[in-house]
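Report on the structure
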Amino acid sequence: MPELPEVETSVRALKPFEGKVLENISILNPKLRWKVDTKKISSIENLLIENIFRRAKCIVMQFKNSFHVLHLGMTGTLRIQDAGNNRTEKHDHLIFHFHDKCFVFNDTRKFGYFKILSIEEYKNFDCKLGPEPLSKNFNAKYLEDQTTKSSAAIKNLIMDQKVVVGVGNIYANEALFTAKIHPLTKGSHLSHDERKQLVAAIKTVLTKAIALGGTTLKDFYTPEGNKGYFKIKLKVYGKAGAPCPNCNEIISKIIVGQRASFFCSSCQKIS
DNA sequence: ATCTACTCCTGATTGC
DNA sequence: TGCAATCAGGAGTAGA
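Cut-offs and rules
- Residues numbered from 1 in each chain as written.
- Chains lettered and ligands numbered in written order.
- Predicted model: local features only at pLDDT ≥ 70, side-chain atom pairs only at ≥ 80, totals over all residues.
- Heavy atoms only, no water.
- Pairing = 2+ DSSP bridges.
- Helix = DSSP H or I, 4+ residues; strand = E, 2+ residues; numbered from the N terminus.
- Axes fitted to C-alpha atoms, helices over the stretch in contact; angles between N-to-C directions.
- Contact = heavy atoms within 4.5 Å.
- Disulfide = S-S within 2.5 Å.
- Buried < 20%, exposed > 50% of the residue type's maximum accessible area, 1.4 Å probe, protein only.
- Parallel < 35°, antiparallel > 145°, perpendicular 65-115°, else oblique.
- Left-handed = near helix turned anticlockwise from the far one by under 90°.
- Nonpolar A, V, L, I, M, F, W, Y, C, P; charged D, E, K, R; others polar.
- Core = buried A, V, L, I, M, F, W, Y, C linked by side-chain atoms within 4.5 Å.

**A short note on the sheet that holds strand β5 (residues 58-62)**
- Read from one edge of the open sheet, four strands run β4-β5-β6-β10, paired in antiparallel fashion. Each edge of the open sheet carries a strand with a single partner, namely β4 (51-55) and β10 (113-118). In this sheet, adjacent strand axes meet at a mean angle of 20° when their direction is disregarded.
- Sheet analysis places β5 next to strand β6 (residues 66-71), joined by five bridges and oriented antiparallel. Following the sheet pairing, Cys-58 is matched in β6 by His-71.
- Where helix α1 (residues 4-14) meets the sheet, its contacts fall on β4 and β5, and the angle it forms with β4 comes to roughly 175°.
- Here helix α3 (residues 119-127) sits on the sheet and contacts β4, β5, β6 and β10; the angle it forms with β10, its principal contact strand, is near 120°.

Shown next, in the form of structure tokens:
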């Protein structure tokens, strides 16, 4: 399931398309999380991609007067093909055509979306999102401002894209384990040290996952068709009943904010 | 204002 | 064996 590292991996694979001309986009199925604007998309013709980058969990293509925003949802993947290759697969929804290549957006569960935004609309979209976790704007002081008065569980807070972007369920679990913080700890109950450790843990976990090409559970492959290798490094996610890698206590599973949460009841005490 | 619960979707897995 | 119920979860939204 694409979280920040998976999206980052996808963006890196798309970098060769920078400076190329997007000739047009085929719509195989407009019914994604939000119905794609077929009229707007069909009006596109030969636009030069100036920049491709990641913002939160979105792949953003920047053009002279617009931004294309693609969210992979939970099961979205991209597949790069030669232009002459007309092969399609089940759940292919959009095809971005270039002179000699194309890339295909495939999303089984249709939780992803694709939007074309004006510069103004993009600014508005961007400013509603929290800071990038790997930027220096995401630090202990910032996290303190965001959590010190909150009664919500810290796990819900770090998964809130207004607080910090890109941290989904897998990495939230891993980061809390690394920082030795119980997922149900209220934001206001965190100590100064815990906030510091949590910020550091989020950065470390995400950086390592990016280096390994993301996490492949069932769904994620890079656009070149490779698996992400972070899964073998997961310490608690999906490991209920297994021994804690630190202390051998059995890993517990609870539901926090409707999401499966894994932790070690010995290493991660509520404070 | 803040927080929680529900909702969309499909396929794999589990249960009877 | 086969069909049905359950689970997975990003993030918008409705409701508390």
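Don't stop here, the text continues.
**Observations regarding the state of the cysteines**
- According to the stated counting rule, one finds zero disulfides in the structure shown.
- Take Cys-127: it sits in no disulfide, and the sulfur closest to it among the cysteines is that of Cys-58, at 14 Å.
- When its relative accessible area of 57% is taken as the criterion, Cys-127 is described as exposed.
- Among the cysteines around Cys-267, which has no disulfide bond, Cys-264 carries the closest sulfur, lying 3.6 Å off.

**Let's talk about the packing of helix α6 (residues 169-178) against helix α7 (residues 192-211)**
- α7 packs onto α6 with a crossing angle of 130° between their chain directions and a minimal axis gap of 8 Å. If you check the angle between α6 and α7, you find them oblique. For the pair α6 and α7, the sense of crossing is right-handed. In contact with Tyr-171, Glu-174, Ala-175, Leu-176 and Thr-178 of α6, α7 contributes Leu-198, Ala-201, Ile-202, Val-205, Leu-206 and Ala-209.
- In the contact of α6 with α7, the residues fall into nine nonpolar, one polar and one charged.

**Remarks on the nonpolar core**
- Ranked by size, the top nonpolar core spans 35 residues in total, and within it Phe-138, Ile-154, Ile-158, Val-167, Ile-181, Leu-198 and Ile-202 carry the most contacts.
- Listing elements by their share of this core, those giving two or more residues are α4 (140-147), α5 (154-159), α6, α7 and β12 (259-264).
- The element best represented in this core is α7, accounting for eight residues.
- Discounting residues that sit within four places of it in the chain, Ile-181 has contacts with Ile-154, Leu-176, Leu-190, Glu-194, Leu-198 and Gln-268.
- Membership of the second largest hydrophobic core comes to 25 residues, among which are Val-11, Ile-25, Val-36 and Phe-98.

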